[in-house]
Each structure stands twice: as structure tokens, then as C-alpha cells.
Amino acid sequence: VVAALAMLAASLNGYQSVLMAPTEILAFQHFETLKNLGLNVGLVTGSQKKFLKNDILVGTHALLNNKIDVSRLGLVVIDEQHRFGVSQRSALTSKGINPHVLTMTATPIPRTVALTLYGDLDISLLDEMPENRLPVKTWVVPPEKRAAAYDWIKTQKTQTFIICPFIEPSESLTTVKSAKEEFKKIKNIFAEFKVGLLHGKLKSHEKNLVLDDFKNKQIDILVATPVVEVGIDIPLATIMVIEGA
């Protein structure tokens, strides 16, 4: 919301904005959200390019491409800024003549903290939760209570994430769960539910199809790797099981 309002202000003053996110999934989500606000938004990722003379360009590292026309660049927004290198961020800001820069993160890296302490970076804190937000409850589930936890999930009228550290099983770390193997098990345990699988090796359009199905309630339980960790917005997914937390 903060970034959208800043980009709207830039647009009203005749300037362009770019928003860079670390993954295609997140970039596409930002693109869809901003598009709904009636702004002229373009999308630039490794697999998709939808831009002409846009007020706002949303994308991944592909925004660093020299062919992109942002001659009126007034604002650069870098989401999950700790996922980008210093040179990548400066390459984006150098496309304009001293544009404003808004960096957003829930994980301040030491360099960012230092820049703030030295006064080279202004800081804004959002210290209030959204209105009517429910408190988050966290439990550690020991092996002997796992079956009961699965039974509890079955009684909840909501959607569920199950997060695994690896895509494929590891030969050296046999106790760490993989998304592909867990997907097979979960399909058997939750036979009456629709179960989906999402990981980084899927092609871009396959990831988007899975996420669209999850958003549209075509999938009840999504087994995934940490590829979903940055900003995936599924309002009805109120349960998250994290394997090997």
C-alpha cells in the first residue's frame, strides 16, 4: 500500500516508477494488485514482458535489462531488498536521474542497518497490525502428535500450506523432508482433499497455474518449498505446517 501510493504520486507528477521483486511469483502478484488500482502497469520478468510506455514497471532482475525505457524514472521500489546485491540495486537506480528509492524488507541486513544509523537512509516503521487481524498461534508438534495434528487440520474450514526444505530427497540428510515425497504422502493422508505441489523447478506458467488454483480454492492443501516465503497472498490459507522448522 505504501509503495502503491508513492508510485501513484510519482505518476500524477509525470514520472515513471519501477518495482523490483526477487521472484516471478511475487512480481506477478504485485502486477495484478497494482493493475486493479487502474494504473498503467507493465510486467518484466525472464519469461514475460508486457510493457510499452508504462507509468509503472513491475518485475524481477529482468528490469536491469538496458532495453527497458524508463527515461522519466522518478521512483525505484525494491521489495525484499535483502535478496538483491548492492550492484543490482544501484544498476536499477542509475536508469534515472537521481530517482527517489524506497527499499522494503522484513529482514534488515547489516548494511541497511548501518546506512540507517549513519543517516544515509531514512527509515519508516509500520508498527501497527492491520485492523481486525487475528493473533498468530504457534505450536511445536512432536512425532507422536502428528496424526492428531493432521486430524485437526481436516476439521478446519480453511486452506493449508505444508512447507518442506528440499524439492527432492537428500541422500545425506535423509531426515529432512522433500516437497515431492511429502506431496505423495499428504495425498494419501488427505485423500478427500485436493492437494497441490509448488517448487522452484516448475516452469513459470506452471507455478502461476498452481497459485491461481490455490487462490481460487481449487486446491485445499499446498505442499511447497520456501519458494512461497516472500509475500504470497492467500487470504484463506490460515494454517502453515513447517517441516524441519
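None of these values were measured; they are calculated from a predicted model.

(A) Representation of the packing of aromatic side chains within the structure. Applying the stated criterion across every chain, the model contains five aromatic pairs. Ring geometry for Phe-161 and Phe-214: centres 5.1 Å apart, planes at 80°, overall edge-to-face. With Phe-161 in strand S7 (residues 159-163) and Phe-214 in helix H7 (residues 204-215), this pair connects stretches of sequence that are 53 residues apart. Of the two residues, Phe-161 and Phe-214, both sit in the buried class. The rings of Tyr-150, Phe-190 and Phe-193 are connected pair by pair, giving a single aromatic cluster.

(B) Structural view of a nonpolar patch on the surface. There is a patch of nonpolar side chains on the surface, built from Val-1, Leu-5, Leu-8 and Leu-12 and spanning about 460 Å² of accessible area. Within the fold, Leu-8 resides in helix H1 (residues 2-12). You can call Leu-8 partly exposed: its relative accessible area is 33%.

(C) Fine view of helix H2 (residues 24-35). Taking 1.5 Å as the rise per residue, H2 with twelve residues should run 16 Å; its terminal C-alpha atoms sit 16 Å apart, in good agreement. Turning to H2, its buried residues are Ile-25, Leu-26, Ala-27, Phe-28, Gln-29, His-30, Phe-31 and Leu-34.

(D) Region of the structure containing unusual backbone geometry. Even without a glycine there, the phi angle at Asn-132 is positive, about 65°. Turning to its location among the elements, Asn-132 is positioned in the loop between helix H4 (110-117) and helix H5 (146-155). Relative accessible area serves as the criterion here: at 71%, Asn-132 is assigned to the exposed category. One non-glycine residue, Lys-217, lies in the positive phi region at around 65°. Mapped onto the elements of the fold, Lys-217 is located in the loop between H7 and strand S9 (221-224). Its relative accessible area of 53% is what places Lys-217 among the exposed residues.

(E) Summary view of the sheet that holds S7. Across the sheet, which stays open at both edges, the four strands sit in the order S8-S9-S7-S10 with parallel pairing between neighbours. Of all strands in the sheet, those bounded by a partner on one side alone are strand S8 (195-198) and strand S10 (237-242). Averaged over all pairs of adjacent strands, the angle between their axes in this sheet comes to 20°, without regard to strand direction. The sheet contacts of helix H6 (residues 179-189) involve S7, S8 and S9, and relative to S8 the element is tilted by about 180°.

(F) Spotlight on the environment of Asp-212. By the element assignment, Asp-212 lies in helix H7. We classify Asp-212 as partly exposed; its relative accessible area is 34%. Residues Asp-212 and Ile-234 lie 22 residues apart in sequence; the distance between their C-alpha atoms is 9.8 Å.

(G) Geometry of the nonpolar core. Met-7, Leu-19, Leu-34, Val-41, Ile-56 and Val-58 are the most contacted members of the largest nonpolar core, which totals 18 residues. Here this core takes five residues from H2, the largest share from any one element. Excluding residues that lie within four positions of it along the chain, Ile-56 makes contacts with Met-7, Ser-17, Leu-34, Leu-39, Asn-40, Val-41 and Gly-42. Judged by nonpolar contacts, the second largest core, of 16 residues, contains Val-210, Leu-211, Ile-232 and Ala-237.

(H) Inspection of the packing of H2 against H7 at higher detail. At a closest axis distance of 10 Å, the pairing of H2 and H7 adopts a crossing angle of 55°. Relative to H7, the element H2 is oriented oblique. For the pair H2 and H7, the sense of crossing is right-handed. Residue-level contacts link Glu-24, Ile-25, Phe-28 and Gln-29 of H2 to Ser-204, Lys-207, Asn-208, Leu-211 and Lys-215 of H7. Taken together, the residues of the contact of H2 with H7 break down into three nonpolar, three polar and three charged.

(I) Just the pattern of salt bridges, in detail. For the structure shown, the criterion picks out six salt bridges. Between Lys-35 and Glu-32 there is a salt bridge whose closest N-O contact spans 3.3 Å. Of this pair, Lys-35 and Glu-32 are both found in helix H2, three residues apart, which corresponds to roughly one turn of the helix. Under the relative-accessibility criterion, Glu-32 is labelled partly exposed at 27%. A salt bridge links Glu-181 to Lys-184; its shortest N-O distance comes to 3.4 Å. Here the residue Glu-181 and the residue Lys-184 both occupy positions in helix H6, the gap between them amounting to three residues, near one helical turn.

What counts and what doesn't
- Residues numbered from 1 in each chain as written.
- Predicted model: local features only at pLDDT ≥ 70, side-chain atom pairs only at ≥ 80, totals over all residues.
- Heavy atoms only, no water.
- Phe/Tyr/Trp six-rings, centres within 6.5 Å; stacked < 30°, edge-to-face > 60°.
- Helix = DSSP H or I, 4+ residues; strand = E, 2+ residues; numbered from the N terminus.
- Buried < 20%, exposed > 50% of the residue type's maximum accessible area, 1.4 Å probe, protein only.
- Patch = residues over 30% accessible without salt bridge, like charges linked within 9 Å, V, L, I, M, F, W, Y side chains within 5 Å.
- Areas by Shrake-Rupley, 256 points an atom, 1.4 Å probe, with all protein chains shown as cover.
- Salt bridge = Lys/Arg side-chain N within 4 Å of Asp/Glu carboxyl O.
- Expected span 1.5 Å × (residues − 1).
- Pairing = 2+ DSSP bridges.
- Axes fitted to C-alpha atoms, helices over the stretch in contact; angles between N-to-C directions.
- Contact = heavy atoms within 4.5 Å.
- Core = buried A, V, L, I, M, F, W, Y, C linked by side-chain atoms within 4.5 Å.
- Parallel < 35°, antiparallel > 145°, perpendicular 65-115°, else oblique.
- Left-handed = near helix turned anticlockwise from the far one by under 90°.
- Nonpolar A, V, L, I, M, F, W, Y, C, P; charged D, E, K, R; others polar.

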